[in-house]
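Listed below, chain by chain, are the residues.
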Amino acid sequence: TPLPPCEVVFVLGAPGTGKGTQCERLENRLVDVELNRTWKHLSAGDLLRAERDAGTGPMADLIRSKIQAGEIVPSSITVKLLENAMAAAHQESKGSITHFLIDGFPRSHENMSAWEDAMGAVHTIKFVLNFECPEEVLVGRLLERAKESGRSDDKIEVIRKRFKTHVESTVPILDYFGTQGTPLHNIDSAKSIEQVYETVEKLFA
Ligand code: UP5
Ligand code: MG
């Protein structure tokens, strides 16, 4: 079954704001039985890490060096991985999955235009979630997570670089959604995981 037109929600926010945490909850709980509509969580970062770990060629090396530097991987790579993951999820669900929570993408204007070129004509961006939280709170969360995450970028120097990349490249694209008529919901994610979830879940009602 080829991938039909799908609905997509982009989930953005600085490192540690809880994109993955909230998307996991949404994926598990937002099951609309009547409409047979299930939201599939796709983390762009997870897809890149899997590609890095599976590969041995120059592409794996490029992903490794970009993640290690807290910089953005070239858009063509990320968009292709997203496209493949959407198609695979659709296929594996025998066609029932047509709604996607895309976590950690797009991170730059370049990412956004690559998405538009590849998929903009087919899929609809329903809205964008943007989690906001003070950086010092995020540093605490990430260093705590670092004890178990095994992520090569959960080190204070790289964490600082990830924040810098977020401010310089990702924050500027938020305005763009407004110009496209795509709703942007800024969410205070300094609150508890449960409180953030309650706010977010309502947006899917
Ligand atoms: N936690 C979460 N919510 C909490 C709350 N409300 N209160 C208290 N604690 C909370 O959460 C982080 C930690 O905080 C966890 O321990 C959690 O329990 C706790 P998490 O849900 O993991 O936050 P998240 O926003 O997902 O943080 P993450 O570190 O994954 O964000 P990044 O944006 O840095 O990571 P990502 O995987 O998206 O990207 C990594 C790298 O990949 C990028 O730096 C870049 O190099 C590359 N990349 C690209 O190049 N392009 C892409 O499109 C995507 C990634
Ligand atoms: Mg994450």
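Residues numbered from 1 in each chain as written. Chains lettered and ligands numbered in written order. Predicted model: local features only at pLDDT ≥ 70, side-chain atom pairs only at ≥ 80, totals over all residues. Heavy atoms only, no water.

> So what exactly am I meant to see when it comes to the site of ligand 1 here?
As a matter of local geometry, ligand 1 sits amid 31 residues, with T21, E71, V73, R107 and R162 nearest to it. R145 has a polar side-chain atom sitting 2.8 Å from an oxygen atom of ligand 1. Taking 1000 Å² as the accessible area of ligand 1 by itself, protein coverage stands at 86%. Residues that form the shell around ligand 1 fall into these classes: 10 nonpolar, 10 polar and 11 charged. (Near = heavy atom within 4 Å. Polar contact = N/O pair within 3.5 Å; in protein donor to acceptor, adjacent residues only side chain to side chain. Areas by Shrake-Rupley, 256 points an atom, 1.4 Å probe, with all protein chains shown as cover. Nonpolar A, V, L, I, M, F, W, Y, C, P; charged D, E, K, R; others polar.)

> How should I be thinking about helix α2 (residues 44-54) in this particular structure?
For α2, every residue scored as buried is listed here: A44, G45, L48, R49 and R52. Mapping the buried residues of α2 onto a view down its axis gives an arc of 135°, with all of them on the same face. Projecting away from the buried face of α2 at angles above 90 degrees are the exposed residues D53 and A54. (Buried < 20%, exposed > 50% of the residue type's maximum accessible area, 1.4 Å probe, protein only. Helix = DSSP H or I, 4+ residues; strand = E, 2+ residues; numbered from the N terminus. Arc of directions from axis to C-beta.)

> Looking at this structure, how should I read the pairing of strand β5 (residues 124-132)?
Put simply, side chains in a regular strand alternate between the two faces of the sheet. Bridge analysis of strand β1 (residues 7-13) against β5 gives seven bridges, and the strand direction is parallel. Its bridge partner being in β5, L12 is matched across the sheet by N130. Sheet topology note: the β5/strand β6 (residues 184-188) ladder contains five bridges and is parallel. Across the sheet, residue L129 finds its bridge partner in β6, namely H185. (Pairing = 2+ DSSP bridges.)

> Could you clarify how one ought to interpret the pattern of salt bridges in this entry?
Once the charged atoms of two side chains with opposite charge are near each other, the side chains can pair. Using the criterion set out here, one finds 15 salt bridges in the structure. Taking the shortest distance from any N to any O, the salt bridge between R160 and E136 comes out at 3.3 Å. Here R160 is found in helix α7 (residues 156-179), whereas its partner E136 is found in helix α6 (residues 135-149), with 24 residues between them in sequence. Among the ionic pairs, E168 bridges to K164, the shortest N-O distance being 3.1 Å. (Salt bridge = Lys/Arg side-chain N within 4 Å of Asp/Glu carboxyl O.)

> Quick question: what am I supposed to make of the packing of helix α1 (residues 19-29) against helix α8 (residues 193-202) here?
Helix-helix packing is characterised by the crossing angle of the two axes and by the distance between the axes. One can describe the packing of α1 onto α8 by two numbers: an axis separation of 10 Å at closest approach and a directional angle of 55°. By the angle class used here, α1 and α8 are oblique. Along this stretch, α1 crosses α8, giving a crossing that reads as right-handed. For the pair α1 and α8, the contacting residues are T21, Q22, R25, L26 and R29 in the first and I193, E194, V196, Y197, V200 and E201 in the second. Residue composition of the contact of α1 with α8, grouped by class: five nonpolar, two polar and four charged. (Axes fitted to C-alpha atoms, helices over the stretch in contact; angles between N-to-C directions. Parallel < 35°, antiparallel > 145°, perpendicular 65-115°, else oblique. Left-handed = near helix turned anticlockwise from the far one by under 90°. Contact = heavy atoms within 4.5 Å.)

> Would you mind showing me how to read the nonpolar core here?
The nonpolar side chains of a soluble globular protein tend to be buried with one another. F10, M86, F100, I102, F105, W115 and F177 are the most contacted members of the largest nonpolar core, which has 24 residues in total. Counting residues per element, the ones that place at least two in this core are β1, α4 (75-92), β4 (99-103), α5 (109-120), β5 and α7. Residue contributions to this core peak at five residues, all from α4. With 15 residues, the next largest nonpolar core counts V11, C23, L101 and V200 among its residues. (Core = buried A, V, L, I, M, F, W, Y, C linked by side-chain atoms within 4.5 Å.)

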